[in-house]
Amino acid sequence: MSKKLGQTDSRVLLVTGGAGFIGSNFITYILQKHPEDTIINLDVLTYAGNLENLKGVEGDPRYTFIKGDIRDRDMVRGLFKTYPITHVVNFAAESHVDRSIVDPDIFLTTNIIGTEVLLDEAKRAWKIYPEDKYSKEYKEGVRFHQVSTDEVYGALGKEGLFVESMPLLPNSPYSASKASADLIVRSYQKTFGLPVTVSRCSNNYGAYQFPEKLIPLMINNCINDRSLPVYGDGMQIRDWLHVIDHCSAIDAILEKGETGDIYNIGGNNEKANIEIVKLIIKTLGKSEELITYVKDRPGHDRRYAIDNTKITSQLGWKPTYTFEQGMKETIQWYLDNQKWIERVVSGDYQGYYERMYC
Ligand code: NAD
Ligand code: DAU
C-alpha cells in the first residue's frame, strides 16, 4: 500500500502556539500517543502562553521549546534549516474575540501575516525544486495543518449547521483574521501545491484554558464567590467540544486527511451560555444570585453548530467525552489547580520562562 501524504515513519512536528490552551494539550497528547514523534514548540509566550502547562513533557528528549514569533521570518527559516521538520501544526494565534474588539491590530499581524510566514518558509524548505515557480513537487510526507475555527462561517439562526462548503462570513476582527488565514492557506495549496489541511473546530473546554474564556472564567469566579458576567440574555449557543477530542481529531487529520481538504470538528453538543453557567453553579454548590447580566458583546454571534459528518465518515473520528463527564472533570481540574489559576490571573506564570530558561 502506498504511503499517504502526512504519514511518515518518524515525524518532526513544528507546533506553533504550543504553550497555549489547545497547543499544550496537543503536545502532551501526541507525545503520549506517538512515541516515535519529535516536537518543536514555537511560541512567543504572549499573556496566553504558559510553559507551566507543559511541565509534564519538559524533560522529554523528543520535545524542544523555542521562544519565538511566527512573524519572524529569519527565525522561522532558521528552524527549518536546523530541524528536519515534516509537519507544521499552526495553533499560534490571538484567540480571544473580546480582545479583538478592543485592539484588532495584533490579530491581523499574528493570525494573518504569521500564518503566511509559516506557509512560505514551509514551501521554501519542503519544495524539491525551490527555484522553479511552476514545480509542485514536495518532499514525501510533509504537511502544513492550519488550526482554524467555526467562527469563520459567521453566525447561524435557530436552524442549520456549519458545513465545510459554506461561504466565509466572519463577524469579529478575530474571526475575520482567522478566515483571512484560511484563504491564504488555500492559495498556497492552489498556486504552489503545498500539502495543506485545515480544521475548523467549535468551542473547546478542558484543563489549562486561560480564564478569560467563558467556562474557566465562570468556574474561577464561582469558586471565589464573584459575580458571573453573562453577556446579553445568555441565550447564545455554542457547540462545545472537549480539548482532548479536538487533539484526537487533528491527529486523525494529520494521519488520514486528504491534502487540500477542510474538516469541521464539533461535538454535536449545543448549549446556551446560561445553561453552562447554571451547571457550573450547581456543580460547585453555589447560588444563582451570582449571575449578573451585563451589556452584550458587540457583533455577538448568536449560534454556532457544527456538522461533523465529513470527519466522522471519512476519517473515522468521533468525540469521546460526554459534556457531563467533560465538565465534571474540568471543574474538578480547576478546583485541584487553584495555584495554576492564581498564577495565571496574577500574571506570575510569565516569570516561569525566566526561571526555567534564562
Ligand atoms: P490560546 O490563546 O490559549 O493560545 C495561543 C498561543 O499562541 C499562546 O501560547 C501564545 O503565546 C501563542 N502565540 C500568540 N501569538 C504568537 C506569535 N506571534 N508567535 C508565536 N506564538 C504566538 O489559544 P487556544 O485557545 O489554545 O487556540 C489555539 C488555536 O486554536 C488558535 O489558532 C485558535 O484560533 C484555534 N481555535 C480555538 C478554539 C477554542 O475554543 N479555544 C476553537 C477553535 C479554534
Ligand atoms: O467557536 C470557536 C471559538 O470559540 C474560538 O475560535 C475562539 O478562539 C474561542 O475564544 C471561542 O470563542 P467564543 O467567543 O465563542 O468564546 P468565549 O469563551 O469568549 O465566549 C463563549 C460565549 O460566552 C460567547 O457567546 C460569549 C459568552 N460570554 C463570554 C465571556 C468571556 C459571556 O457571556 N460572558 C463572558 O464573560
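Further up the page is the structure itself.
Bear in mind the structure is a predicted one, so any value in this text is a computation, not a measurement.

1. Things to note about the overall build of the protein
Right, on to step 1. Looking only at helices and strands, one finds twelve helices and 13 strands in the protein.
Right, on to step 2. Against the globule reference of 21 Å for 358 residues, the protein gives a C-alpha radius of gyration of 20 Å, in line with a compact fold.
Right, on to step 3. For the protein, the C-alpha atoms occupy an extent of roughly 65 × 50 × 40 Å along the three principal directions.
Right, on to step 4. In the protein, which comprises 358 residues, the share counted as buried stands at 55%.
Right, on to step 5. When the accessible area of the protein is evaluated, it comes to approximately 15500 Å², of which 52% is carbon and sulfur surface.
Right, on to step 6. One finds the centroid of the 42 positive side-chain charges in the protein at a distance of 2 Å from the centroid of its 48 negative side-chain charges.

2. Some remarks on the pattern of salt bridges
Right, on to step 1. Inspection of every chain in the model, using the stated rule, returns 18 salt bridges.
Right, on to step 2. Among the ionic pairs, Asp233 bridges to Arg302, the shortest N-O distance being 2.7 Å. Of the two residues, Asp233 is situated in the loop between strand E8 (228-231) and strand E9 (237-239) and Arg302 in the loop between strand E13 (291-294) and helix H9 (309-315); the sequence distance between them amounts to 69 residues.
Right, on to step 3. Note on Asp233: relative accessible area 38%, which makes it partly exposed.
Right, on to step 4. Between Lys310 and Asp261 there is a salt bridge, and its shortest N-O distance comes to 3.3 Å. Here Asp261 lies in the loop between helix H7 (243-256) and strand E11 (262-265) and Lys310 lies in helix H9, a separation of 49 residues in the sequence.
Right, on to step 5. Among the charged side chains, a network of salt bridges with common partners joins Arg73, Arg77, Glu116, Asp120, Glu121 and Arg124.

3. Describing the sheet that holds E11
Sheet strands associate in pairs through backbone hydrogen bonding, adopting either a parallel or an antiparallel arrangement.
Right, on to step 1. Strand order in the open sheet made by the seven strands is E3-E2-E1-E4-E5-E6-E11, with parallel pairing throughout. Each edge of the open sheet carries a strand with a single partner, namely strand E3 (63-67) and E11. For this sheet, the mean inter-axis angle between neighbouring strands, taken without regard to orientation, is 20 degrees.
Right, on to step 2. Together, strand E1 (12-16), strand E2 (38-43), E3 and strand E4 (87-90) form the strand contacts of helix H2 (residues 73-82), whose direction differs from that of E2 by roughly 170 degrees.

4. Focus: the packing of aromatic side chains
Right, on to step 1. This structure, assessed with the given rule, holds 13 aromatic pairs.
Right, on to step 2. Centroid distance Tyr205 to Phe323: 5.4 Å. Interplanar angle 75 degrees. Geometry classified as edge-to-face. Of this pair, Tyr205 sits in strand E7 (residues 204-205) while Phe323 sits in helix H10 (residues 323-336), placing them 118 residues apart in sequence. As far as burial versus exposure is concerned, Tyr205 and Phe323 are alike and both buried.

5. Quick word on the pairing of E2
Right, on to step 1. The element E2 is extensively covered by neighbouring structure, given that five of its six residues are classed as buried.
Right, on to step 2. Direction of pairing for E1 relative to E2: parallel, over a ladder of five bridges. Paired with Leu14 across the two strands is Ile40, which belongs to E2.
Right, on to step 3. Bridging between E2 and E3 involves five bridges; their strand directions are parallel. By the bridge assignment, Asn41 is partnered in E3 with Phe65.

Conventions we followed
- Residues numbered from 1 in each chain as written.
- Chains lettered and ligands numbered in written order.
- Predicted model: local features only at pLDDT ≥ 70, side-chain atom pairs only at ≥ 80, totals over all residues.
- Heavy atoms only, no water.
- Helix = DSSP H or I, 4+ residues; strand = E, 2+ residues; numbered from the N terminus.
- Rg over C-alpha atoms; globule rule 2.2 N^0.38 Å.
- Buried < 20%, exposed > 50% of the residue type's maximum accessible area, 1.4 Å probe, protein only.
- Areas by Shrake-Rupley, 256 points an atom, 1.4 Å probe, with all protein chains shown as cover.
- Lys, Arg positive; Asp, Glu negative; His and termini not counted.
- Charge placed at Lys NZ, Arg CZ, Asp CG, Glu CD.
- Salt bridge = Lys/Arg side-chain N within 4 Å of Asp/Glu carboxyl O.
- Pairing = 2+ DSSP bridges.
- Axes fitted to C-alpha atoms, helices over the stretch in contact; angles between N-to-C directions.
- Contact = heavy atoms within 4.5 Å.
- Phe/Tyr/Trp six-rings, centres within 6.5 Å; stacked < 30°, edge-to-face > 60°.

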